[in-house]
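Tertiary structure, described
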Amino acid sequence: MFKELAKFAAGVTAWEALVHLSFGLSGVLPLRLFGITITEPINTVQIILPAAISVFLAYYGWVRK
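In this report, we go over the structure that sits alongside the text. For clarity, every value in this text was computed on a predicted model and none was experimentally measured.

Rules behind the numbers
- Residues numbered from 1 in each chain as written.
- Predicted model: local features only at pLDDT ≥ 70, side-chain atom pairs only at ≥ 80, totals over all residues.
- Heavy atoms only, no water.
- Helix = DSSP H or I, 4+ residues; strand = E, 2+ residues; numbered from the N terminus.
- Polar contact = N/O pair within 3.5 Å; in protein donor to acceptor, adjacent residues only side chain to side chain.
- Contact = heavy atoms within 4.5 Å.
- Phe/Tyr/Trp six-rings, centres within 6.5 Å; stacked < 30°, edge-to-face > 60°.
- Lys NZ or Arg CZ within 6 Å of the ring centre and 35° of its normal.
- Expected span 1.5 Å × (residues − 1).
- Buried < 20%, exposed > 50% of the residue type's maximum accessible area, 1.4 Å probe, protein only.

**Details of the side chain of N43**
Within the secondary structure, N43 is located in helix 2 (residues 40-63). A distance of 2.7 Å separates polar atoms of two side chains, one belonging to N43 and the other to H20. When neighbours within four sequence positions are excluded, N43 is seen to be in contact with H20, F23, G24, L29 and I38.

Structural data, given as structure tokens:
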């Protein structure tokens, strides 16, 4: 069951990384959402951290025995 949850979470975190990558490439930053300003440094963290977590969860969900 934990492996299936890890697979799902890997997809969710990969999606978040892609959304923030699109924010960075589209030139809409700084962006204000719900009173929170997303600046370029914050957005960079929101690309790298979810991508790394997604890789770890994908490894756990599909590769690890």
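Read on, since the account is not over.
**With respect to the packing of aromatic side chains**
Scanning the entire structure with this criterion turns up zero aromatic pairs. Just above the ring of Y60 sits the side chain of K3; from NZ or CZ to the centre is 5.3 Å.

**What about helix 1 (residues 2-26)?**
Given a rise of 1.5 Å per residue, 25 residues ought to cover 36 Å, and the 36 Å separating the end C-alpha atoms of helix 1 matches this to within 8%. Of all the positions in helix 1, only A6, A10, T13, A17, H20 and F23 are classed as buried. Where helix 1 is buried, its residues meet strand 1 (31-33), strand 2 (36-38) and helix 2. Phi turns positive one or two residues past the end of helix 1, at G27, with a value near 80°.

None of the figures reported here should be taken as evidence of function without further support.
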